[in-house]
Amino acid sequence: MRNKTFSKFRIKKCRLCGSDRLHKFLSLGSMPAPNSFLRQEQLKQEEDYYPLEICVCESCWLVQLSHVVPAKIMFKNYLYIPSTSTTMLSHFKTFAQDLIKTYELSSKDLVIDIGSNDGALLGYFKEREVKVLGVDPATNLVQVARLKGIDTVDDFFTSSLARKIKKDIGNAAVITATNVVAHIDNLNDLCKGMSLLLDKNGVFIAEFPYLVDLLEKKEFDTVYHEHLSYFAITPLLKLFSTHGLKIIDVRKIPVHGGSIRVYVAKKHSKYKSSNKVKEFIKEEKLKKLTHKSTYENFAREVKTIKKELVDLIKKFRDEGKKIIGYGASAKGNVLMSYCGITKEMLDYIVDSISYKQGRYTPGNHIPIYPESRLEKETPDYVLLLAWNFADEILNKQSKYRERGGQFIIIIPSLHIV
Ligand code: JHZ
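Residues numbered from 1 in each chain as written. Predicted model: local features only at pLDDT ≥ 70, side-chain atom pairs only at ≥ 80, totals over all residues. Heavy atoms only, no water.

Engineer: Quick question: what am I supposed to make of the site of the ligand here?
Structural biologist: What surrounds the ligand is a group of 27 residues, the closest being Tyr224, Asp351, Ser352, Lys356 and Lys396. Within the contact set of the ligand, an oxygen atom lies 2.8 Å away from a side-chain nitrogen or oxygen of Tyr224. Here an oxygen atom of the ligand and a side-chain polar atom of His256 are 3.1 Å apart. Compared with its free state, where it exposes 720 Å², the ligand has 98% of that area covered by protein. When atom positions are compared with the pocket grids, the ligand is found to occupy the largest cavity. For the shell around the ligand, the element with the highest residue contribution is helix 13 (residues 390-396), accounting for 3 residues. (Near = heavy atom within 4 Å. Polar contact = N/O pair within 3.5 Å; in protein donor to acceptor, adjacent residues only side chain to side chain. Areas by Shrake-Rupley, 256 points an atom, 1.4 Å probe, with all protein chains shown as cover. 1 Å grid on protein atoms, 1.4 Å probe; cavity = no way out; pocket = protein on both sides within 12 Å on 5 of 7 lines; lining within 4 Å. Sits in = over half its atoms within 2 Å of the grid points. Helix = DSSP H or I, 4+ residues; strand = E, 2+ residues; numbered from the N terminus.)

Engineer: Which parts of the structure should I look at to understand the packing of aromatic side chains?
Structural biologist: Working definition: an aromatic ring pair is given by the centre-to-centre distance plus the angle between the planes. Counted under the stated rule, the structure contains 12 aromatic pairs. Ring plane angle 45 degrees and centroid distance 6.0 Å describe the contact between Tyr326 and Phe407, whose orientation is recorded as tilted. On the criterion of sequence distance, the pair formed by Tyr326 in strand 13 (residues 323-326) and Phe407 in strand 17 (residues 406-409) is long-range, its members being 81 residues apart. The same class applies to Tyr326 and to Phe407, which are both buried. (Phe/Tyr/Trp six-rings, centres within 6.5 Å; stacked < 30°, edge-to-face > 60°. Buried < 20%, exposed > 50% of the residue type's maximum accessible area, 1.4 Å probe, protein only.)

Engineer: Please clarify how the domain arrangement of the chain should be interpreted in this entry.
Structural biologist: Taken domain by domain, the chain comprises domain 1 (1-66 + 320-417) and domain 2 (82-290). Summarising the inter-unit geometry, the C-alpha centres of domain 1 and domain 2 are found 25 Å apart. Contact with domain 1, which involves 34 residues of that partner, is made by 35 residues of domain 2. For the pair domain 1 and domain 2, the two sides together bury roughly 3000 Å², of which 67% comes from carbon and sulfur. The largest contributions to the domain 1 side of the interface with domain 2 come from Arg15, Leu16 and Trp61, which together make up 21% of the buried area. Counting the contacts that link domain 1 with domain 2 gives 1 salt bridge. Residue Asp185 pairs with Arg15 through a salt bridge whose shortest N-O separation is 2.9 Å. Taken together, domain 1 and domain 2 are joined by 13 residue pairs in polar contact (both at pLDDT 80 or more). Taken together, the elements giving at least two residues each to the side of domain 1 that touches domain 2 come down to strand 2 (22-31), strand 3 (48-57), strand 4 (63-65) and helix 11 (330-339). Ranked by residues supplied to the side of domain 1 that touches domain 2, first place goes to helix 11 with 5 residues. Of the residues assigned to the side of domain 1 that touches domain 2, the class counts are 27 nonpolar, 4 polar and 3 charged. (Domains from an automatic or database assignment. Contact = heavy atoms within 4.5 Å. Buried area = accessible area lost by both parts, 1.4 Å probe. Salt bridge = Lys/Arg side-chain N within 4 Å of Asp/Glu carboxyl O. Nonpolar A, V, L, I, M, F, W, Y, C, P; charged D, E, K, R; others polar.)

Engineer: Where do I start with the sheet that holds strand 9 (residues 198-209) in this structure?
Structural biologist: Backbone-to-backbone hydrogen bonds join strands into a sheet, with any given pair of strands oriented parallel or antiparallel. Overall, mixed pairing links the 7 strands, which are arranged 7-6-5-8-9-12-11 in an open sheet. If you trace the sheet from one side to the other, it starts and ends with strand 7 (152-154) and strand 11 (245-253), each paired once. Geometrically, the sheet is characterised by an average inter-axis angle of 15 degrees between neighbouring strands, direction not taken into account. Sitting on the sheet, helix 6 (residues 187-197) touches strand 5 (110-114), strand 8 (172-178), strand 9, strand 11 and strand 12 (259-266), and the angle it makes with strand 9 is about 145 degrees. (Pairing = 2+ DSSP bridges. Axes fitted to C-alpha atoms, helices over the stretch in contact; angles between N-to-C directions.)

Engineer: What's the story with the layout of surface pockets in this structure? I'm lost.
Structural biologist: For the largest pocket, the calculated volume is near 580 Å³. Lining the largest pocket are 35 residues, with Phe75, Phe156, Val180, His183 and Ile184 sitting closest to its centre. Going through the elements one at a time, helix 1 (71-75), strand 5, helix 3 (120-126) and strand 6 (131-136) are the ones with two or more residues in the lining of the largest pocket. In terms of residue class, the lining of the largest pocket is made up of 21 nonpolar, 8 polar and 6 charged. What the second largest pocket holds in volume is close to 440 Å³. Ser36, Phe37, Leu38, Gln42 and Ile73 are, among the 20 residues lining the second largest pocket, the residues nearest its centre. Residue assignment for the lining of the second largest pocket shows that the elements contributing at least two residues are strand 3 and helix 1. Across the lining of the second largest pocket, the residue classes tally to 9 nonpolar, 5 polar and 6 charged. (Points joined across faces, edges and corners; volume = space filled by probe spheres on them.)

Engineer: Even after reading the chapter, I still don't get the sheet that holds strand 13, so can you show me in this structure?
Structural biologist: The strand order 15-14-13-16-17-18 describes an open sheet built from 6 strands, whose pairing is mixed. Each edge of the open sheet is held by one strand with a lone partner, namely strand 15 (368-369) and strand 18 (415-416). Looking at chain direction, strand 13 and strand 16 (residues 381-384) are connected through 4 bridges and run parallel. Directly across from Ile323, in strand 16, lies its bridge partner Tyr381.

Engineer: Sorry, what's going on with the side chain of Glu284 here?
Structural biologist: Mapped onto the elements, Glu284 comes out in helix 9 (residues 275-286). This buried residue, Glu284, is left without a salt bridge; Lys285 holds the nearest opposite charge, at 8.3 Å. Here the side chain of Glu284 touches Thr234 through a polar contact of 2.5 Å, side chain to side chain. Leave out the neighbours within four places in its chain, and Glu284 touches Tyr210, Val212, Ala232, Ile233, Thr234 and Leu289. (Lys, Arg positive; Asp, Glu negative; His and termini not counted.)

What follows is the structure, given as structure tokens:
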């Protein structure tokens, strides 16, 4: 079965500053969109493959994908649901409570969540009587959010949608965006929409994986078609100041292998920029994020990890060992595609999300079963494809481990527990 490969989506200019000085430093090959899990009847059909290459702009130093897969293909029916993880639910609850306290939010205030998914985060504002509005293009998830009573616009966030919300509902005291800004192609339109919609002293708070963690912990499998940008503070300063916005605070947070939470306000808002912003800029200079050599070194380290993992799996298979995967994640699909892990090497994958159970991974077609299968079977090894939830999963699978089962974990280094 031939797979169609689309190299026509290659970008010519940096999405932040428009420069054409894009330096490619790593190619992970071509693969289907990372969340395009297949039903049995789709296995014989042709799959669309898209190049997965990462480059850095030598003018503003934004790290970004070289190819942009159309958003409609990836996000209209979306299978990433953070609320299936207790780690993420408690993260959202603490986040919402912190914002309500910091910005003294009440029933008079509107909080808008861009990429609101199934409404999990907004639910914690709503239970405290704060007005909420979700915006998400995934029709399948919008229906779930609405059933929970979370008003949600079924669309992508754009400056024209922002204008409509402002007219119909009003300004926002807070706009949140968790793990979505990296997914947005037109960053300038996002900033335009945000500027339009925020109150004078409103605050935009975004969370996304942090480039420094990606580089230092070699989290190459978080490079995939959904994540168009890989952010550090340095390029973001330029992006926001172009739109009359300023970063007022930055925090490191542990989710998804190391993320940052960026607080943004209007240039003339009452909020001043904290010293944290300068500290991050200083640290990023020390990490040489504006040197091409930093990215060349990262690419070399990734190739070493690939070789180590493939050699280990081949060794175990030659010894007749049984290996399965845990966590049918987008990052797991990237790892398996880049390392050439096939259904002959991993017998199956277990996952907690009902949407994904009974389906198959894109490209290598490995079947996905509920986690309960691990209560009945004891494969010798489990390759942890959702390493960002290692603590939660190892804890959940203590019985499997007591029966002698072991986890292969690849990030931040290849080790067996
Ligand atoms: P998950 C996510 O990507 C989502 P993904 C998103 N692409 C993003 O930006 C990055 O993180 C930062 C399963 N699981 O969603 C559930 C268990 O089976 O963290 C998921 O299918 N048992 C927006 O998709 C998968 O693992 C468990 O106990 O790469 C996790 O995938 C838990 C906790 C999870 O990563």
